[in-house]
Each structure stands twice: as structure tokens, then as C-alpha cells.
Amino acid sequence: MEVPNDHLVWMYSTMVKIRRFEERIREIYFEDKLPAFDIAAGPIPGEMHLAAGQEPVAVGVAPHLKPGDAVTATHRPHHIAIAQGVDLKKMTAEIFGKDAGLGHGKGGHMHLFSSEPSFGCSGIIAEGMPVAVGAALAFKKQKMDNVAISFFGEGAANQGAFHESLNLAAVWGLPVVFICEDNAFAISVPKATATAIADNSDRAAAYGIPGVLVPENDPVAVYEVAGEAIRRARAGEGASLIEVKTDRLWGHFEGDADAYRTDAFKEGMQTRDALTVFPEKLIQQGVLTAAAIEEIKTRMYGEVEEAIEFARSSTYPQPEAALEHVFA
Amino acid sequence: MEVPNDHLVWMYSTMVKIRRFEERIREIYFEDKLPAFDIAAGPIPGEMHLAAGQEPVAVGVAPHLKPGDAVTATHRPHHIAIAQGVDLKKMTAEIFGKDAGLGHGKGGHMHLFSSEPSFGCSGIIAEGMPVAVGAALAFKKQKMDNVAISFFGEGAANQGAFHESLNLAAVWGLPVVFICEDNAFAISVPKATATAIADNSDRAAAYGIPGVLVPENDPVAVYEVAGEAIRRARAGEGASLIEVKTDRLWGHFEGDADAYRTDAFKEGMQTRDALTVFPEKLIQQGVLTAAAIEEIKTRMYGEVEEAIEFARSSTYPQPEAALEHVFA
Amino acid sequence: MTTMTEVDLTKLTDRKLTTQKAMAEGIAQEMEADEKVLVMGEDVGVYGGIFGSTEGLLTKFGSERIIDTPISETGFIGAAIGAALHGLRPIAELMFVDFFGVCFDQIYNNMAKIHYFSGGNLKLPMVLTTAVGGGYSDAGQHSQTLWGTFAHLPGMKVVAPSNPYDAKGLIISAIRDDNPVVYMFHKGVMGLGWMTHNPRATGPVPEESYQVPIGKASIAREGTDVTVVTISLSVHRALDAAEQLAGKGISAEVIDLRSLVPLDREAIVKSVTKTHRLLVVDEDYRSFGMTGEVITTAVEGAFDHLDAPPARIAIPDVPIPYSRPLEQFVLPSAAKITTAVEQLMA
Amino acid sequence: MTTMTEVDLTKLTDRKLTTQKAMAEGIAQEMEADEKVLVMGEDVGVYGGIFGSTEGLLTKFGSERIIDTPISETGFIGAAIGAALHGLRPIAELMFVDFFGVCFDQIYNNMAKIHYFSGGNLKLPMVLTTAVGGGYSDAGQHSQTLWGTFAHLPGMKVVAPSNPYDAKGLIISAIRDDNPVVYMFHKGVMGLGWMTHNPRATGPVPEESYQVPIGKASIAREGTDVTVVTISLSVHRALDAAEQLAGKGISAEVIDLRSLVPLDREAIVKSVTKTHRLLVVDEDYRSFGMTGEVITTAVEGAFDHLDAPPARIAIPDVPIPYSRPLEQFVLPSAAKITTAVEQLMA
Ligand SMILES: Cc1ncc(C[n+]2csc(CCOP(=O)(O)OP(=O)(O)O)c2C)c(N)n1
Ligand SMILES: Cc1ncc(C[n+]2csc(CCOP(=O)(O)OP(=O)(O)O)c2C)c(N)n1
Ligand SMILES: [Mg+2]
Ligand SMILES: [Mg+2]
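This section reports on the structure supplied with the text. All figures in this text were calculated on a predicted structure; none of them were measured in a lab. (Residues numbered from 1 in each chain as written. Chains lettered and ligands numbered in written order. Predicted model: local features only at pLDDT ≥ 70, side-chain atom pairs only at ≥ 80, totals over all residues. Heavy atoms only, no water.)

1. What to know about the overall build of chain A
- Per the secondary structure count, chain A includes 11 helices and 8 strands.
- Relative to the globule expectation of 20 Å for 328 residues, the C-alpha radius of gyration of chain A, 19 Å, shows essentially globular dimensions.
- Along the first, second and third principal axes, the C-alpha set of chain A runs to 55 × 50 × 40 Å.
- Looking at chain A residue by residue over its 328 residues, the buried ones come to 66%.
- Element-wise, carbon and sulfur atoms account for 54% of the exposed surface of chain A, whose accessible area totals about 10600 Å².
- Averaging the locations of the 29 positively and 45 negatively charged side chains of chain A gives two centres separated by 3 Å. (Helix = DSSP H or I, 4+ residues; strand = E, 2+ residues; numbered from the N terminus. Rg over C-alpha atoms; globule rule 2.2 N^0.38 Å. Buried < 20%, exposed > 50% of the residue type's maximum accessible area, 1.4 Å probe, protein only. Areas by Shrake-Rupley, 256 points an atom, 1.4 Å probe, with all protein chains shown as cover. Lys, Arg positive; Asp, Glu negative; His and termini not counted. Charge placed at Lys NZ, Arg CZ, Asp CG, Glu CD.)

Next up, the structure:
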């Protein structure tokens, strides 16, 4: 699959935006939490799962999506949401717990819901997988050519919902693509001690659907494989499973001492960081210049700063608003 | 694998016992329920899932078991329990809801529990699968050479617990054998509309364990395949998955009009009924004579009648006993 | 609060149906009216639902809209959520409520919370139908009601009809509701040919479409001496007891809650304020459930009106046993209600 | 019912631990004493449990007995059941109680019922440990307590310690119990370095092994004017409120239930009989839960002693919201308790 230049540039730009976003959230997360770390304190309290390193998965898929497509993501959702074009200001405001947030502050970072584009995520492992199947069912029943994408971690692939979702999608021939972000760890538990086989993509055979491995954390590789899977889905040829070997650069959540991964492993991730490797390739290929890269960074950083400014300056919901929205 | 003659005879005899048991339970089940069928009435009330037709699976596995091995079965448990040698009198008394039953009448036909031999079953699809994994874990931790066997229906193979159990068993290298009784239907839902692939044995690849198909409802075929899987498990070589194509001769439960299966399908099952086919083979092979078969029938029918007599003549538990045994 | 009397007057009809047929008719009428409604579940197709809840629907609407699923409750209930978010109005059937443990995350953490998490932006118009209750020796994994468990967790409405009229009206209301509604039908109120005959399971049902409001109790029988609050099949038990009690000069008012969420607290308080005595009857487990909630509601709203401590009858915190004498011992019954009321009056 | 005063006298010690260290020490001592005890769960190994419940155990006992599992709660909790039936005494950790929906069938339908179904023949000596509670903006799928849900369903004991002493004594009792015990530790009582500092999360813990009885409440503070019944972290809130109230001349007795199953009804009734007033404080959802059960227990046992209708504070039947002002609005607090008690006394 040929990748058009504007897609390459978009992918890179979006990777920059995501990384910057995660870095800024990380900084702000620690505001007012130190010196004695207090998870409940600061402008962003609670658990915070950041996706730095996993940008290639998000940006490799998103260019193939169109309005009406549905995406479900996990507890580590920012990169996916940003790539899909979820309103960054509202999303950031939600992470800050503000009334202007996607959920008026009710959901927080693990519960970002948007209807246009259709995005949802959750705090329960594999919870979004059947939901994506259902979105795809709705598309098929309504004869729409939309697709649903379900992102999940390699740890989630050992949860029962994975199995039920893939079987349902396959037996009903639904337009859904399951994308496993294999960062080799589920919190501290290495894939090798949790998963009986090396590649979850091989599990596709248990459902008679295509399973494709993307062995490197490269946006172009993801782009090509996801493109084909989404094309199939849109054309009524059914579901696919993709596994991408990717990297979680930081701890499982912020505050995680990350003592369960060796220094060598961590250095390896730094060396192959797509945020460094990919732009180098783009320069080599003549797609981007150093100057263009600087321009992109300035622009993306600006967008991120604007969203953060928006979130910071927004007001908190009224306490009693907690009682609203239990029922429509 | 050579099947010793005494095993052949034992398998046939046990098949006769199981079939007779199911036939007699069926007859008694309808006592006092007619003319207007009332599920709550009669000596055996409630749902009744009988296994006539599936005897080969039960008797093909049991000869390889030894004391201390653990078996978990399903809502359709009688054939497995009888083959494993669960006390027939106590089991029958439980089905009759009597105090002399395995569970003093508390469990009933879907909740038969025995410690020697170790047998359990349940009313929830796939519920016994993780339990078998845990029994195998206990055997491994305690350095015992026992194995655990988990029986389940082909419908259960689409339940999340199937996936989690197989992965756990594989990744921990446990001595457990998963045996799928594929009778092509989950109540009225045909396998083809529920399961994305033809043979669940192919799903073993998703866990890196051997998966073997037994394509015919034949005790010897089951014996051979189960024998090898149990040998592997006992030898510390890990888990296996087996699928046996078998037949549920009657309705899903008693009272089921069975309108969802065609006459042709039902006739096919009758033609290939192992209770007819297998003894013919044994006669041909000179293992049994017609007279020996009669003798076996007499003996087995007698055992069944004795158990039923025991159950019938036992007393019901005192009503207040309902309050006991919530806690040890 | 609507009384049955009001209902009978306004909706007078000679047409009698079983609860099961009334429920299936309600679904069919909504499916005719709105092509976005569809049903998914195990054996809802050719079998028509193990308890007849979807009888005849496959023939009427075809397998595109009446979908038999694999035994994958997490999968298909989660799929119903996704479908509800994307334009459909699915009805998902959990064959027995007892099976909720394999799929409760999708129900209580996802279905019930997405509207809230989204700050009201996303709506989830779906119905979860499920069979509840015991009394026919189906043992501990096929006889529970568990409505207390569902009602305890916020974000889903919970209804349980006791008669054909309410069954049809409530399923229609549930389908039209923009919120997730859990619709619990007791096998013993369905009027199934293969269950013990229950005359109260057949009753007048207008042919046209109508709604019974969610969150409103009904007075199943008016009375002045004591209030019996209950739901679903136990309404029948209470009505039988009330008849016996009438013979003994005791006038019992029977409140059929019909919904647990929202709970019609006003109806409870109003009746207790009138009668000064309360018995709560429940086929769910006793502790941490419906009986405690209803009694507390009465105590909160009518403390000074209570002439005696409220009493309760429920499953005495044991799994449902299989054997008939054991099961009958733990189930509520008209006899137990009669005795309890007599003790309350003493 | 044991009072804290008794306990402090008999077990006098200068040694102070956090609740988290006390719990881990209790597990370690039992593992040393009985090689059949083992731990399985997500991140219980090198991570030591996300909330430190298994800190140091991997080093002490190795990966044969401290087993990191895949994210397969149905699988490994079911496996713990199988292991318990075959000679081991497993502790299975469900990382957050909020995740129970993916595995509840194994818990409530299997673990809790096998002993009963077997007519008492099979025993299930296992412990399910799980973290509960909110207050740190972890939102609606990571902040629930849900103990009411567990306590409603028969066949499992349910305990929730509020302090280090009880944490150690209860985990030891749970491990030695031949029944399934659900051990719920509130993140806010653990004394974790990365949570808001809570002085009550550190306290005296004897080094030697000891048991705290399951099913016995304790009087966390004696008082005469009003009874505040609660559990887990809300005991701290109630104690804070009781101090404030003392300053206003109101003497509040604080009952720490410690166990919900079995529920120490005697302790509730005894205290209410003395004080004549009851406030129940719960961090679980309000309706169909603990508050209703405790109030009903008081009404059943001490109706004539109540001078005012019992009151309750609990999560007002909404999912736990993320944003700090929203979450604080729905959580119980010392201030809310103080106000409610003042209203009760008025
Ligand atoms: C059902 C359930 N079990 C456990 C958890 C706790 N948990 C949150 S994230 C996580 C690890 C997930 O690993 P993976 O799926 O690989 O995603 P990653 O964090 O690596 O992105 C775990 C165990 C949960 N949220 N839900
Ligand atoms: C979790 C769960 N879902 C649904 C059911 C209802 N149910 C009982 S048996 C059955 C069909 C099982 O089919 P299969 O596993 O093939 O076993 P078979 O009945 O054919 O022996 C179903 C759906 C159940 N008991 N548990
Ligand atoms: Mg991972
Ligand atoms: Mg089958």
C-alpha cells in the first residue's frame, strides 16, 4: 500500500501532538502532588495511564477512518482519541475534571466519550471489545459502510471478552477490526508469563479471520496492515485481528517505579522510539525537512498548549451536578 | 494405542449402564407430570438434561483415570459421573432430592459433587473449566501425578471462560485435558451459527497446546486420543484439547419438543447410535458374544434398578435442613 | 401510583392473555412500530425464548432482527450496548438472571454508566430481559431473582411485572425508554403450559399498544389494616394471603412495586401511613436487599405512623436448594404471609 | 463483640505498622505456618500488589507460591476454587473490587455455593482479597466498595478492616477459615505512601500471629447519645465526627462492623438500645444495601427504643464521578456525619 505524502506528514504531526500531550499531562499530573506524592492531589488526580511510545498504532489506523466510524479504546486512551480527532479541548478539560469536559467531569481520563467522532474508552480490561462488535452490528444492520475499531492491550487478549468478541464478529461477518497494542507488559506482568503463544495475531485462526502481525513499532507498517483490514471490513469481507509490537515508554501509570523492566529494556525502547526514528526516515525520503519538522512541532505544541489552557481556565462542575445524568 | 479387551468390555458395559440410567430417569421424570406437563411435579422435578448418545465420550476417557484425578462436567453430567464411578445410589438419590443424596438433596441433577472420585458439575456454561485448571494447579504444586479433566459442550467453547482456562492451563503447563462434546447444538442453536470455525480442536493452536479431533462418536477413538492426552498430562507435558463429534439423541432437556432438528438429522443419529454399532463391532472382533451382551445388560440394568430403588425408598431431607451447610 | 382499579376501568377488555403472550405481543408491536428494535439472545429465534418471551417473533421479523447468539453473554450484551450507541434499540435476553455473573461487567459497569460518564451526551436505549425465580426445583443456579443486586447499582431501571397487563405495558415502556431497563419476568407469572398452573398468570390485555409507567407501584388490593409490599410472583402469594386474611377480618393492602428502580417510595409511605403496619415479602435473599430497603423507606417516611416493627419474609440467606421440601421451606408463600400478618396484628 | 479497649489491653504493643504492612505480614505468617497457602493475582509478585497487599512476599516465598496471573479473573479465581477443593488454601486477589463483573459467576455461583450444593461434603478454604473505595478521583470503575453486593449473596463471608490491628487479625482468620472469605481492604485505610496521608492508617500491631474473629463488630468509640454504625474507612470519618460532636456535648458511639457476613446484629441492637438513635454511614450505594440492612436490623431488634427515625449517609445512587468536587459531594465525610447526628438529636 502506497502511503500518500500528506498522510505521512499527518501521521508524524499527530505523533508529535500526542507525545507533547502526554508529556505535558505528565508534568501537570505531578503538580501539587509532591514532595510526598499524593494521588488525590493536584490539577489532575487519580490514575494516569500515558501512551508515550505507542503513537504509531494510533496514527497508523486513523487515516483510514471516516465520519461515523466507531472506535473503542482502553484505560490508555489519549493517543487513540487524539489521532481520531476527538475534540482536544474538551478531552483535556475532562482530564482536568472540568465542566467543559467531554463528560462534564464525570468520566475522567479513563472514561472519555465522544459521539462525533464516535470514541469511547473504559477502565475495565477488554470492556470495549464487545461494544465495538455491537457498533459494527449496528452498521451492518443499517447498511452503512462504517467500520468499528477496537484497540486493546496484549494483556487484554487473555480476558474472556476477547474470545467472545472475536467469535461474534467472525460468525456474524461484522465490519470490525481488532487491534492489539502489544507493549509486552500488563502492568508488571510480562507477556511471556501470561500468554501461552508469542503472537496474538495467531489467535485469529481460532475464529477463521485474518490475523496479521506488525512486528515493528512503525506508523507506516501499521498504516498498511490497518488499511487492508479496514478496506476488507468496509467492503463487507468481515473482521480482522492485528497485533502491533509497540512500546510503552513510561511506567504503567504515573508514579509507577517501573522496577519490573530492566534498564536494557528501557534503553532499547528509547533507541527505537518512533518519535525519533520516523522523522529521520521522512527527512531521508525527502518528505519533510528539518525546518518543516520545527514548524510542525511549533504548531502541535501550540494546539496542546491551547487545550491545556482551555482546561485550566475552565470551571469545575457544581458539586450537586454529581446527581445529574444517572438517567436521561 | 491398543485397547485391552477388559477395557473394551468395561466401556461397553458402562455405556449400557449409562443408557439404561438415562432411559429410566426419563421415564420416571414424566411420572406425575402428565397429562398437563408440570415441570415442578413428580419424583424428579426441575430441568433434566440427559446424555443418551454421548456415552462414547464418557467411557472413552474414564479408563485412563486413577484415584485422585479430578473431573468437572456440565449441566449434562450423568454419563461422565457414571463412567468415573461416582456412587450411583447417592447420585440417584440426589437426583430424586433425597437426604441420602450426594448433597443431601441440596444440589440436584446439575450439582452433583463427589470427593472420591473427585467429580463436580454445574448449571452455568463453562463454569467447571477454570475449576479443572485449579485442580491441575493443586496437583502440580503438590507434586502429584494426578490429572484434571474438564468436559464441556461445543456451545461452551464460545464462553470467555473457555479461553481463559485454556490459556492459563497452557501458560502454567498444567496436567489438564479439555474435552469438548460437540453434539452440534446448544439447545436450539446450531454450532454453525454460533462458532466461527468448524472444529474447536483447532482452537488449541491459540494456546500452543495439542488439539485433536475425534470425528466419530466411537468409544475406541475417544479412548485412544484421550489416552495420549492424559499420558502427556501425567508425564508433565501439559494440557490438551480434544473435540469429539457426538450425538445428543433426545431433546436438550426433557420436555423439549426438539423442533429445531430435522427428522433426517434425528434418524441419522439413530442409525449411528454407538449403543448399537459398538457391540456389533465387539461381536465381530470376537470380544463379546451375544450371550455375554445379554449378561452385561442384565447386570447393568440391575445396578441401575438398585440405585433407583435406593433413591425411591430414601427419605426427603427435613425442610429446616435447608438452613444448614451455608457455611462449614 | 396507579391502582389496578383505575386501569381496569380505563382499559376494559375481554381479551385474556398469559403474561408470556402479553410480553411477546408488546415486543412485536414495538418491532412493528420501530425498525430499530431488534432482539438478541440465546434461543430467542426458532425456540422463541426458553420461557416464550420471543414466541412467534422469528416468523414475524426474520433472523435479521431476531438473532440467536452463541453462549457469549459478555459478547452479545456488550454488543447490544454498542448497537444502542449507534442507532439501534436492542433488546438483549439473558436467559436466566442467574447467569449474570458471566457478563455483569457489561451490565453494571458499562451499560449502566456510559450515560453518566458521558455527562449525559450519550444515550443507551436498550432493554435487558431476563427470567427470574424459582419454585420448580431448578436448584441454586436457575432459581434466583437477584433483583436486589441489580437495583443496588445505579444507572439501570429495574422492573418486574406480576401480571399480563403490566407485562405488556412495561415492556413497551422499557423499549421506548432512552435508558437501559432491566426487565425481569418471573417464570411463575408467565402462564407457561409446562409450569404449575397459575390462574393469575392469565388476564385482560388490550390489543392496542399501551404503556405502564416505570417507577410507579400499583395497589393490587386495597386494604386498611396492614400493608404488604412485594413484587412479581409474590404479589400472587400476597393476594392469596389477603383473601385468607379477609376471612379472618383482617384487611390487607397489597402493593405491587412493579419497579424497583425507580422505587415508588411515595406509594410505600402513603400506604403505611394509612395502615400503620408493614410486611415486606421478597423472593430474593433477605439480607442487604429489597426487604431492608422497603422497610427503611417506611421508617424514613412514616416512622410515627408505625404501630409495630415492620416485618419481612424473604429467602433466608441460603442458596436455593433443589429438593422440593427444602425449596418450599425457603420460598415465600401465602401461608407464611398470613402467619406473619397475624403476628403483626397481634 | 470485642471492644477496642479490651484489645488494646490484651495486646499491648509499641510496634506500629500501616494497615498495608499489617495485612502483608498476616499473609506472610500464615504462609510460613502452612505451605498449602499460596497467593494468585495480577501484579502480586514483583509489584507486591498494586496496593501493597503482597509486598515482600515474592522475595520470601518465590514464584511457586506467589503467582502473577494473566488478566483472566474468571480463570484464576475459578482455578483458586479448584485448588481449594484439592488440598491448597489459596488467596486470590481481585485487584479492584470494581472488576468483579468479569468474574462474578465464579465468586457468587460457584465459590459461594459448592459447600451448600455438596450438602456440606466439600469445603472451600479460600480467601478473595480485593481493594475497595474511592476518594482519590479514580472515577466510576475504580472507586466502588460494592460490599453490599457481596453481602447480599449467601455463602461467602465478607470482612473489611478499618485499621492495622484488625487487618492482620482478620486476614489470618480468613486464611484459617474453611469457608470462602471475601476480604475487602479500602485503599484509604492502607496507609500507602502515595495516597493522602491518613494517621489512622498506622497503629499498633503485635508481631506474633493472632486472629480477629469474623462476624464480630467492635466498638471503635463508646458513647451514649447516638450510635453511628459503619465499616472500613468510614469508621475514620465517624471517629473524626465523634470528636467534633464531643466538643458540642454529643456523645456518639461508633460501631465498626468489621464483618458484613456474618453481620453482628446483636452489637447493633445493643448499642441502639442504649443510645436510642442510629445513623448508618456507608461508602457503598445507598439503596438496597448496607444502610437499609442495618436500619432494618435496628428496627427489628430495638423498635421501642428508637427515639427518632434512623438516618443514613451513603453514595446517593449515582456512579462515582471523577472530578474532585463531584466525588467529594457523593462520599460520606466527617462533616456530613456531624450534621446528620445533630439533626438526629434535634
Ligand atoms: C478486568 C480488569 N482486570 C484488571 C484490571 C487492572 N489493570 C488495569 S490496566 C492493566 C494492564 C493492562 O495490560 P494491557 O492490556 O497489556 O494494556 P497496557 O496497560 O499495557 O496498555 C490491568 C491488569 C482492569 N482494569 N480490569
Ligand atoms: C452462562 C450460561 N449461559 C446460558 C446457559 C443456558 N444453557 C444451558 S445449557 C445451554 C446449551 C449448552 O450447549 P452445549 O455447551 O453445547 O452443551 P449441550 O447442552 O449440547 O450438552 C445453554 C445455553 C447457562 N446455563 N449458562
Ligand atoms: Mg500491555
Ligand atoms: Mg452442544
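2. Some words on the sheet that holds strand E2 (residues 118–120) of chain A
Residues and elements named next belong to chain A.
- Pairing within the open sheet is parallel, and its 6 strands lie in the order E2-E1-E3-E4-E8-E7. A strand with exactly one partner marks an edge of an open sheet, and here the two such strands are E2 and strand E7 (211–214). Averaged over neighbouring strand pairs, the angle between their axes works out to 15 degrees when direction is ignored.
- Alignment of strand E4 (residues 176–182) against strand E8 (residues 240–245), held across 6 bridges, turns out to be parallel. By the bridge assignment, Ile179 is partnered in E8 with Ile242.
- Packing against the sheet, helix H5 (residues 128–141) makes contact with strand E1 (70–72), strand E3 (148–153) and E4, and its axis sits at approximately 170 degrees to E3.
- Contacts from helix H8 (residues 219–234) reach E3, E4, E7 and E8, with the element oriented near 170 degrees to E8. (Pairing = 2+ DSSP bridges. Axes fitted to C-alpha atoms, helices over the stretch in contact; angles between N-to-C directions. Contact = heavy atoms within 4.5 Å.)

3. A closer look at the site of ligand 2
- The environment of ligand 2 is formed by 20 residues, the closest being His75, Arg76, Gly123 and Asn183 of chain B together with Glu73 of chain C.
- Nearby residues around ligand 2 are contributed by chains B and C.
- Backbone polar atom of Ile125 of chain B to a nitrogen atom of ligand 2: 3.1 Å apart, as the coordinates give it.
- Between ligand 2 and Gly155 of chain B, the relevant distance is 2.9 Å, taken from an oxygen atom to a main-chain nitrogen or oxygen of the residue.
- In the complex, 97% of the free accessible area of ligand 2, which totals 580 Å², lies under the protein chains.
- According to the grid-proximity analysis, the pocket containing ligand 2 is the second largest cavity.
- Of the residues contributing to the shell around ligand 2, the split by class is 10 nonpolar, 6 polar and 4 charged. (Near = heavy atom within 4 Å. Polar contact = N/O pair within 3.5 Å; in protein donor to acceptor, adjacent residues only side chain to side chain. 1 Å grid on protein atoms, 1.4 Å probe; cavity = no way out; pocket = protein on both sides within 12 Å on 5 of 7 lines; lining within 4 Å. Sits in = over half its atoms within 2 Å of the grid points. Nonpolar A, V, L, I, M, F, W, Y, C, P; charged D, E, K, R; others polar.)

4. Notes on the site of ligand 1
- If you check the shell around ligand 1, you find 20 residues, and the closest are His75, Arg76, Gly123 and Asn183 of chain A together with Glu73 of chain D.
- Of the chains in the model, those with residues near ligand 1 are chains A and D.
- Within the backbone of Gly123 of chain A, one N or O atom sits 2.7 Å away from a nitrogen atom of ligand 1.
- Between an oxygen atom of ligand 1 and a main-chain N or O atom of Gly155 of chain A, the distance comes to 2.9 Å.

5. Here's the deal with empty space enclosed by the protein
- For the structure on display, the rule yields 11 cavities of 30 Å³ or more.
- Here the largest cavity is characterised by a volume of approximately 600 Å³.
- Considering the residues around the largest cavity, the lining is formed by 49 residues, among which His75, Ile125, Ile187 and His252 of chain A together with Ile71 of chain D are closest to the centre.
- Only H5, E3, strand E5 (185–186), strand E6 (189–190) and helix H7 (191–194) of chain A together with strand E5 (89–96) of chain D provide two or more residues apiece to the lining of the largest cavity.
- No other element matches E3 of chain A, which puts 3 residues into the lining of the largest cavity.
- Residues belonging to the lining of the largest cavity are distributed by class as follows: 23 nonpolar, 16 polar and 10 charged.
- The wall of the second largest cavity is formed by 32 residues, among which His75, Ile125, Ile187 and His252 of chain B together with Ile71 of chain C lie closest to the centre.
- Class assignment for the residues of the lining of the second largest cavity results in 13 nonpolar, 11 polar and 8 charged. (Points joined across faces, edges and corners; volume = space filled by probe spheres on them.)

6. Describing the packing of aromatic side chains
- Tallying each qualifying case throughout the model produces 36 aromatic pairs over all chains.
- Summarising the aromatic geometry, the rings of Phe104 of chain D and Tyr108 of chain D are spaced 5.3 Å apart at their centres and angled 15 degrees between planes, so their arrangement reads as stacked. With Phe104 of chain D and Tyr108 of chain D both in helix H5 (residues 104–111), this residue pair falls 4 residues apart, about one helical turn.
- The exposure class of Phe104 of chain D is buried, given its relative accessible area of 0%.
- For Tyr108 of chain D, a relative accessible area of 1% puts it in the buried group.
- Directly above the ring of Tyr301 of chain A sits Arg20 of chain A, whose terminal nitrogen or CZ lies 4.0 Å from the centroid.
- Between Lys98 of chain B and the ring centre of Tyr316 of chain B, over which it is positioned, the NZ or CZ distance is 4.9 Å. (Phe/Tyr/Trp six-rings, centres within 6.5 Å; stacked < 30°, edge-to-face > 60°. Lys NZ or Arg CZ within 6 Å of the ring centre and 35° of its normal.)

7. A closer look at the interface of chain D and chain C
- Taken together, the contact between chain D and chain C spans 50 residues of the former and 49 residues of the latter.
- Buried area between chain D and chain C, both sides added, is near 4400 Å², and the carbon and sulfur share of it is 63%.
- If you sort the residues of chain D by the area they bury against chain C, His152, Phe288 and Phe303 of chain D come out on top, with a joint share of 21%.
- Here chain D and chain C share 4 salt bridges between them. (Buried area = accessible area lost by both parts, 1.4 Å probe. Salt bridge = Lys/Arg side-chain N within 4 Å of Asp/Glu carboxyl O.)

8. A few points about the coordination of the magnesium ion (ligand 4)
Residues and elements named next belong to chain B.
- At this site the magnesium ion (ligand 4) is bound by Glu154 (OE), Asn183 (OD1) and Phe185 (O), with donor distances of 2.0 to 2.2 Å.
- Read from N- to C-terminus, the donor residues coordinating the magnesium ion (ligand 4) fall into the pattern E-x28-N-x1-F. Comparing Asn183 with Phe185, the two get one shared label, buried. (Donors = N, O, S within 2.8 Å, 3.2 Å for Na, K, Ca; no water.)

9. Some remarks on the packing of helix H2 (residues 19–33) of chain C against helix H8 (residues 164–176) of chain C
All names here are of chain C.
- One can describe the packing of H2 onto H8 by two numbers: an axis separation of 8 Å at closest approach and a directional angle of 30 degrees. The orientation of H2 relative to H8 falls into the category roughly parallel. For the crossing formed where H2 meets H8, the hand is right-handed. Along the contact surface, H2 presents Thr19, Ala22, Met23, Glu25, Gly26, Ile27, Gln29 and Glu30, while H8 presents Pro164, Ala167, Lys168, Ile171, Ile172, Ile175 and Arg176.
- Tallied by class, the residues present in the contact of H2 with H8 amount to 8 nonpolar, 3 polar and 4 charged. (Parallel < 35°, antiparallel > 145°, perpendicular 65-115°, else oblique. Left-handed = near helix turned anticlockwise from the far one by under 90°.)

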